[in-house]
Amino acid sequence: MPASEGAHGRVADRFADDAALIVAAATAAGAIALTFFRKDPSTWLKDGHSPVSEADIAANDHLKTALRAARPAYGWLSEETTDTEERLARERVFIVDPIDGTRGFLAGSDEWVVSVALVERGRPIIGVLARPVTGDIYLATRGGGAWLNGAALNGPVDALAREGGLRFAGTRKLTSGPALDGLGLDRRPFVPSLALRLARVATGELDATIAGGQAHDWDLAAADLLVHEAGALLTTVEGQGLVYNGASTRHPPLACAAEPVHARLLAAYAADHTR
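Residues numbered from 1 in each chain as written. Predicted model: local features only at pLDDT ≥ 70, side-chain atom pairs only at ≥ 80, totals over all residues. Heavy atoms only, no water.

Visitor: Tell me about the packing of helix H6 (residues 194-203) against helix H7 (residues 217-229), residues and numbers included.
Guide: Where H6 meets H7, the axes come as close as 9 Å, and the angle between the chain directions of the two elements is 5°. Here H7 runs roughly parallel to H6, going by the angle between their axes. From H6, Leu 194, Ala 195, Leu 198, Ala 199 and Ala 202 reach across to H7, where they touch Asp 219, Leu 220, Ala 223, Leu 226 and Val 227. Residues belonging to the contact of H6 with H7 are distributed by class as follows: nine nonpolar, no polar and one charged. (Axes fitted to C-alpha atoms, helices over the stretch in contact; angles between N-to-C directions. Helix = DSSP H or I, 4+ residues; strand = E, 2+ residues; numbered from the N terminus. Parallel < 35°, antiparallel > 145°, perpendicular 65-115°, else oblique. Contact = heavy atoms within 4.5 Å. Nonpolar A, V, L, I, M, F, W, Y, C, P; charged D, E, K, R; others polar.)

Here is the structure:
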């Protein structure tokens with residue numbers, strides 16, 4: 001398949017225009033969010049428990065305008081836009097989280113990203129994470145590999161062959177138990193952005209993570225493609241792959257790691273949660 005090399009990585013020609021559009025929109029949305037960062041933006045609770053801020057809305061408004069104006073035939077699903085069934089009839093859908101890691105953003109942490117995926121028939125074909133504070137751009141296209149700032153991500157190292165424990169990030173509530181502890185987890189600080197945590201498996205900064213059953217399409221779709229194109233796996237804790245743009249956008253507990261760590265992670269989780 002013909003491909004071209006861009007500033008952010010090698011992209012198959014059939015994805016090039018959409019990838020460039022998404023990178024530009026995500027970068028601009030991140031710049032908008034930065035104007036509110038550490039400046040006490042207005043905040044409120046969504047659904048009674050999830051924080052949202054004026055920064056989320058401003059970034060979301062830019063993404064929706066930029067992306068839908070350029071691709072009116074594509075559907076739209078965003079954490080910060082009221083969902084409708086209209087997207088279900090679209091072959092391609094933008095799935096967006098204007099600020100993934102809002103709690104961290106509001107606390108002044110730099111561990112948040114703008115997450116944008118283009119999904120086709122239930123699976124991501126383009127995934128972009130823009131990390132505005134550092135200027136990092138993560139890009140993946142289906143069959144085209146995963147990239148960070150234009151450098152190819154060649155997949156996680158063989159964690160089982162390396163000395164030391166498995167570098168792991170996840171909540172203790174979900175990941176404490178004799179079988180999981182027996183894997184020798186080297187627990188790293190919790191990452192507020194689930195998309196960024198998954199990206200760190202793709203880069204090899206983490207060996208594994210487990211996420212609770214609170215994640216939605218917008219938290220996962222872009223990072224899912226990044227993980228798979230880097231050579232790792234993201235599945236349910238039963239080992240099933242993820243499908244996006246369904247009637248329900250919520251996903252059950254998930255495990256992310258490269259093989260064979262992934263298989264051991266699933267087995268340990270099952271042992272701890274079937275007692």
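Visitor: Residue-level account of the pattern of salt bridges, with values.
Guide: All told, the structure shown has 15 salt bridges when counted by the stated rule. The network of salt bridges with common partners includes Asp 18, Arg 71, Arg 92, Glu 120 and Arg 142. (Salt bridge = Lys/Arg side-chain N within 4 Å of Asp/Glu carboxyl O.)

Visitor: Talk me through H7; I want residue IDs and the actual numbers.
Guide: In a regular helix each residue adds 1.5 Å, so 13 residues correspond to 18 Å; H7 covers 18 Å between its end C-alpha atoms and thus fits that length. A maximum bend of about 30° is found in H7 at Ala 223. Restricting attention to buried positions, one finds in H7 the residues Asp 217, Trp 218, Asp 219, Leu 220, Ala 221, Ala 222, Ala 223, Asp 224, Leu 225, Leu 226 and Val 227. Looking one or two places after H7, you find Gly 231, whose phi comes out positive at around 100°. (Expected span 1.5 Å × (residues − 1). Bend = angle between axes of the 7 residues up to and from the residue. Buried < 20%, exposed > 50% of the residue type's maximum accessible area, 1.4 Å probe, protein only.)

Visitor: Could you give an account of the layout of surface pockets, naming the residues involved and the relevant values?
Guide: Of the volumes computed, that of the largest pocket is approximately 980 Å³. Residue lining of the largest pocket: 31 residues in total, with Ser 50, Arg 103, Gln 214, Ala 215 and Asp 219 positioned closest to the centre. The set of elements that each furnish at least two residues to the lining of the largest pocket consists of strand S4 (50-53), strand S6 (92-100), helix H3 (102-107), helix H4 (172-175), H6, strand S14 (208-211) and H7. Its residues assigned to classes, the lining of the largest pocket comprises ten nonpolar, twelve polar and nine charged. (1 Å grid on protein atoms, 1.4 Å probe; cavity = no way out; pocket = protein on both sides within 12 Å on 5 of 7 lines; lining within 4 Å. Points joined across faces, edges and corners; volume = space filled by probe spheres on them.)

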